[in-house]
Amino acid sequence: ILLNSQWVNVDGGQRALSVLEKMVEVTMMRGAQSGGVVTFEPTSSGEGGGKNANPVIKGVRSRVVNAKRTVLSEGVRKKIESDNCGFMSGGKLKGWNDVEFNATQDGTSGSVAAKRLVRGFFGHTRFATSSKASMGGTHPHQWSPRHTFTCYGFQSKEGALQGEEGLDADVDKSHRVETSLHKLVEMSSFENSAGQARNIMRVEPKGQPMGVENFVTHNGDFEFYKIGGKYYDCEAIQEWLVRALHVPMPATVDSAAIAGVIDLLRVQGCFALSVRYAVCFELGGDVGPADSSVVYPTTVQYEAVGKIFEKVLDKMVMENGIKTLEQISSSTKNRKNLCAMVKDELLPLIKAQTSVVSCLSYFVTTDEECGTFDQFVNATVNAFFDNDLLNTVRVFLKNAKGSFGLCVSTSLDAHRQVAMAAKGQTLCIAFYPRKGVICYGSEQAAVKAGLNYETPEGKSNWSSDFKCVDEDAVRFDLDDLGGEIALLDWGYAGDNEPAVSPPNRALPVYKLMGGAVNVITLHQENAMSKSSYLPKRLTTLENNEFIKPLLDDCDDPVLGDIQDIPKICHNIQEDWKDVGLNRMSSWHLMQCIKRRLKGKVDGSIENHAGQIDILVTGCEVSLWLAEQFVADLQKCFPKLYVKAVSSNKLLGLFGQELSMPSIGFPYSQKGMDLKDPIVLIISHSGGTFAPLACSNLLQSFSSSIFAVCSEWDTQVGKQLRSIYSGGLDLLTSRIFSTEVGVRPAEPCSISVVATHQLLTNIFEHICMTILGDPNFRYVTGSIINERDLQTLERLNVDNIKALERIVGVDRKGVKLHDKLLHQEAELRAAGDVWSEHILENAKAYIMTFIYIVVTVTIGHPLISGIAEAAGLRDERYYYITRFFDSLIYFWLPQINVMILRIIQGRNKRHRMVGRTVVIGDPCPWVAQSAEAFLSKIFACSYSIAGLNVLSGNPADHLVHRHTHRVVRGSLLVCGRPDGRLTALTTLEASTCLAVNQASSIQSIGGTCESITIGHNKSKLPLSAKAIFLESFRPQFLCEKLLVESEVKSNKMSLTATGNLKVDPSAFAEDPEGKKRGFSFRRSSDTKSERGFLNVSRRKSSATTNLNVSRRRSSLASSLMRKSQTPGDGIDGLDSTSHRSSAALIGAYANMEKEAKTKASRVGDHSKFDVDGIIEEMIKERKGVDQYRKIFEEIDVDGSGELDFDEFVAAYKKINPDVSLTQLEQMFKEADLDGGGTLDFEEFVAMAKLPQVEVLGKLSVQNRDDRGLAQVMPSEERYFGEELRKTAPKGTGAFLMSQSQHLVMELYESRIASMQRFVAMTVMFHQMGSRVQNFFPNISFGYLGYRMDRTHSIMRIATTASPVSGADVRDRMVELHLRFKIQKAVTLFSKKYVQWRNAKYGISLSRSGTPASEKSE
């Protein structure tokens, strides 16, 4: 809406169309198969209009159905320019330099009021759900075509009366607007901004011919409408509208039916339409097919009856000297007089059954007892005065069922106002006071388009009457849950007050943009709204650090997203170190977790099946990331009930009256205990329908709801900010933001990586919170420790450098030096090869075309031409050469393909068909996300260069699902875990086995072409290529030990199978007791794997907990200095860098076997034979008795509990090397109840821990130098260095390396997997880019498509699917009301008990039970 005429008269509206194009482009992310816009222009017909009349305008509708490879935003703009710009106008809008759009007021008292028309563009982009994308189903919708009726003009009450004495004598005082005004700009109604008197045009009370047409844009579903107290479905309403309006159904879509209902409701100022309204809604009866025999009057008949009403009104105006219709509209007395005069005129005609009123005989009766005549007249008159635009939308929403994001514009109102409504669908309106423009849209980000453009400046023949106000732009979000209507009225001809009919004049009026626009809001339901005061609901768009403007357009959005990955991930990590939005949200989340765990500790929250402590939900990519996050969290805290559930399943179960079962999943209403769980909603766009609906729905189950989004300003964020926070808004932030902003490219790369990065930071802080309290560790069964968190954070920090090398751009957005681009170049080279595989058929087709055209044109095929040139012109050679030429023609495509393969050096045995790419990775989210990325890259490619994309888990089902599809030329890319780490060696071996099995299936010597991507620099013999990612992390202890064994021992060799055979003497201790490497020996007096009192021996777990103290200073610079380059080990030798996973398994297995052999001998029996196992089992059963005996010996005072002094004295006798600090922390760790002593159960739990696990439980200050809670990265040169230094003598080094297995797994799931995914996106982007650029190059730009778009154009799934949006909304309101009622009942019950106890003097026990009852 262009309030400032400079948007039109300077450049002809070109920049305004650019804003519109940008808005359409952003809105396209919600799905855009078609779209259109309507704008209004002055009509040149012979219709009315005059000096003191409202203008006669017509709608110009421009609609486009998008093709598969065209861009809808560009198509809409071209169509607008075609329909609204004059011929040879240079793309300038019609009337851009005419008085109708540029008339200004000079401000003097004697001047003529300005009648400038404000240009508005009202449109919608559609994602088809109920029908195919067609022109008929494209918005804006119009049911009835333009028709000329006699209409009376209306304006605001202030504009009509103008304070003139005597005019308001009969006006009901209860309808005065001033009594309820809440103005943001204090200004007299009849003064301009300079305080001068304004001239206001008073609309004369006389009819004039005006074209009437109504347009509707609708986002959502229209399901039912209530007429006569009964609801009818949309199909019945459509059939009824055909009969009532005598207009064929323009389209079968539900939105068109809304336009038809609006045609019947918007009748103010037209008696013909008002009569139709009364007949259809007041007298029409049932609408269903049973009444299809009812014949409704035609438009001509309605006009004839309407002329009777017009005649009476004109007579009343003349006889009573009425200057404005406001004198009748606002006066109950005058309305009654008008009705009485109409009845006197009409009743004789009806009784006489004259031809004029005969059409009403079925509907209007004059019986004294049950006649409908009075009802008909009263309804007609009231509709004539009351059914303006605002009341029309109000009545429609009141009676409609479904979900609605509405914009209603009509030719009677568009010169000054438009109505918008939201109910179950979002709608936002942005006001730009400095620029004089209003943007609205269903996509919240779209209305920010005004931030990217400035008001046009330059020479113009006209000045603007818009006074720019130095105020920041603001956005108003309609209440889509409770249902809300907003009327925007910018006035006309000096009348700057809102033109609203009497039924809605009690509503507050808000003046925005310096008083240039009036905003009236109306809530349909107040069940979910907490404040209706508009100023408190406005969101500042300018000078707001939480609002990110839209990104500038770029030629390759997919590449831009990929290159931004290092910068965004680095910014997320840096932001986490400061007191910003994410830290405030983290603090709030940690408080919720602590409150939840305290309930589990004190027993107020019972543990049982179906309980959910943390619920994580999302859709598609967000859900896959959520599942990985939950898996990692559950692995670290086995007793914490964490679940990842699809938002669609939650809506299906809890968002409908009749729940939708989750077949194949263990979810049900009774099986899921949703009693105040901690909820984390993951929706990067913040606008996907299911997560957005869950953000409302789950408020009925929990108050601890958080969201991970691309920015603070999203639809999900808006809903969560509305949750009552007890007045602590700053400390109850609920939004975690990646700060990526709006990314319109449909292939998701940066949004996936940024979300995964942010979830890693959230994961670390959840772990830190739980580890900070021994009771929390106990109740969650924690198996992660502080050292693991330090290691993970160091890996997290070092990950940025690895990402820079993969994408070729550093964290500042600067391209790396060519010497550092080898890794990106290798990935893109692989993409080039595969793009040639895909393009070979297209190139062969072109070569074939050229060959045929040339040879046929010149008449000399290849063989015949050679023969003729060689002089073989004899007839006997003619047939032979022609025969071979025919063979060439027949096999020419295959020949050309083979020529291309030979020239390009590609595999010649591949099948000459369309290609299939199979993506494998042991981390499910990587394979799934990469599949989605690549399939969207090729979604719009031409069939001759199409691609089929599949995915699977090589450690699980890839072989079973896809090896039967392997053919010559199948393309397989597989991510490999870092098998150099002991915890991941077998996983990499399984992955490699799957790749080898797929690559071993051959035909004619050819098989699939496989590429592996990973960190272990070992190429598989059957793979075509191995891409090795650089490691910028320190070595883990297992890698360090293997390096040391190679350096210090000359007795290392490889067996025939490739396993590493190491002489055990290389790891023995020297005579002075100093470690040369580590010792595997476990003699009878070794304490390394026993309980801390030598009671029993137990096998070390791969997930043994370790905690060590660490420094807390700032580490950014030191970590950069200490970061090791790939392969850095002792003397630069890394023994693990070039070994296959099989060789690594052999090496580590030999080391572990040797260690266990030496450490597990008991007498003459080995621990691994039958006798040894039986002996160990007997000793385990005797263990408890031995614990009791030792406990009693230590308990010197016989109190039954051990104090700290007794604990220290006993432990020092066993291991004098343990420090007092270590013992103090060990004692605190064992004292679960915090009583300061150890009872027998706590003693046994401590005794059973292996010593290496006990030694890890050291106190750590989780604070940086500013006192902020931080997970500080490890400063070790290799992970495990500090543990080896602080471990007591005799502690096995290999045991310590096994204690790092958990963090190795976290490294794989949080860090290494991310690097592989980013590497795949780089490779796939190169594939897609080469194929995308090929077609414009060979067609001189005629052919082409954009790989950042798909045919569906649905970056954000905002359509209600598979659950109805109306059902979800109704269920949310019901659940919330139930919650409020239950809360009230509980409060009343509690207060009643308190009153009763106070009255009768009943004292309560600690449990809350009356003491008298308890004693009885």
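Residues numbered from 1 in each chain as written. Predicted model: local features only at pLDDT ≥ 70, side-chain atom pairs only at ≥ 80, totals over all residues. Heavy atoms only, no water.

### Let's talk about the side chain of E1281
Note that E1281 resides in helix α38 (residues 1281–1286). Exposure remark for E1281: the relative accessible area of 8% places this residue in the buried category. Only 2.7 Å separates the side chain of E1281 from the side chain of R1277, close enough to count as a polar contact. (Helix = DSSP H or I, 4+ residues; strand = E, 2+ residues; numbered from the N terminus. Buried < 20%, exposed > 50% of the residue type's maximum accessible area, 1.4 Å probe, protein only. Polar contact = N/O pair within 3.5 Å; in protein donor to acceptor, adjacent residues only side chain to side chain.)

### A short note on the pattern of salt bridges
Tallying each qualifying case throughout the model produces 55 salt bridges. In this structure, K577 engages E574 in a salt bridge whose closest nitrogen and oxygen atoms are separated by 3.3 Å. The class for K577 is partly exposed, based on a relative accessible area of 29%. Look at E574 and you get partly exposed, because its relative accessible area is 32%. The salt bridge partner of R1349 is D1348, with a shortest N-O separation of 3.1 Å. For the pair formed by R1349 and D1348, the shared burial category is buried. In the salt-bridge network here, residues are joined through shared partners; they are E25, R1346, D1348 and R1349. (Salt bridge = Lys/Arg side-chain N within 4 Å of Asp/Glu carboxyl O.)

### A look at the sheet that holds strand β15 (residues 517–523)
Taken in spatial order, the seven strands line up as β7-β6-β8-β9-β13-β15-β14 in an open sheet, and their pairing is antiparallel. Strands with a single pairing partner mark the edges of an open sheet, and in this sheet they are β7 (230–233) and β14 (509–512). On average, each strand axis in the sheet is tilted by 30° relative to the strand beside it, whichever way the strands run. Direction of pairing for strand β9 (residues 417–423) relative to strand β13 (residues 484–489): antiparallel, over a ladder of six bridges. Looking across to β13, one finds that A422 is bridged to E484. Against the sheet, helix α5 (residues 234–245) contacts β6 (214–227) and β7, and its axis sits at roughly 90° relative to β7. Packed onto the sheet, helix α6 (residues 254–265) meets β6 and β8 (400–410) and runs at close to 85° relative to β6. (Pairing = 2+ DSSP bridges. Axes fitted to C-alpha atoms, helices over the stretch in contact; angles between N-to-C directions. Contact = heavy atoms within 4.5 Å.)

### Considering a nonpolar patch on the surface
Residues F849, I850, V853, V854 and I858 make up a contiguous nonpolar surface patch of about 450 Å² in total accessible area. Within the element layout of this structure, I858 appears in helix α23 (residues 822–858). (Patch = residues over 30% accessible without salt bridge, like charges linked within 9 Å, V, L, I, M, F, W, Y side chains within 5 Å. Areas by Shrake-Rupley, 256 points an atom, 1.4 Å probe, with all protein chains shown as cover.)

### A short note on the nonpolar core
Of all hydrophobic cores here, the largest spans 127 residues; its most connected members are F629, I762, I784 and F1324. Of the residues forming this core, the biggest block, 19 residues, is contributed by helix α40 (residues 1301–1338). (Core = buried A, V, L, I, M, F, W, Y, C linked by side-chain atoms within 4.5 Å.)

### A short note on the environment of R1310
Position of R1310 among the secondary structure elements: in helix α40. Excluding residues that lie within four positions of it along the chain, R1310 makes contacts with Q628, F629, D632, H756, L759, T760 and L792. A distance of 3.0 Å separates a polar atom in the side chain of R1310 from a polar atom in the side chain of D632. Side chain to side chain, R1310 and T760 meet in a polar contact 3.1 Å long.

### Focus: the pairing of β8
Taken residue by residue, a regular strand's side chains alternate between the two faces of the sheet. Among the eleven residues that make up β8, ten are buried, leaving the element largely enclosed by the rest of the structure. Here β6 runs beside β8; their pairing, made up of eleven bridges, is antiparallel. Across the sheet, H218 pairs through a bridge with L406, a residue of β8. Judged from the four bridges that link them, β8 and β9 form a sheet pairing that is antiparallel. Counterpart to C407 in the pairing with β9 is M420.

### What about helix α16 (residues 620–636)?
The terminal C-alpha atoms of α16 lie 25 Å apart, and with 17 residues this matches the ideal 24 Å at 1.5 Å per residue to within 8%. Burial runs high along α16: twelve of the 17 residues are buried. Contacts from the buried residues of α16 go to β17 (614–618), β18 (642–646), β19 (678–682), α20 (750–771), α27 (924–937) and α40. (Expected span 1.5 Å × (residues − 1).)

None of the figures reported here should be taken as evidence of function without further support.
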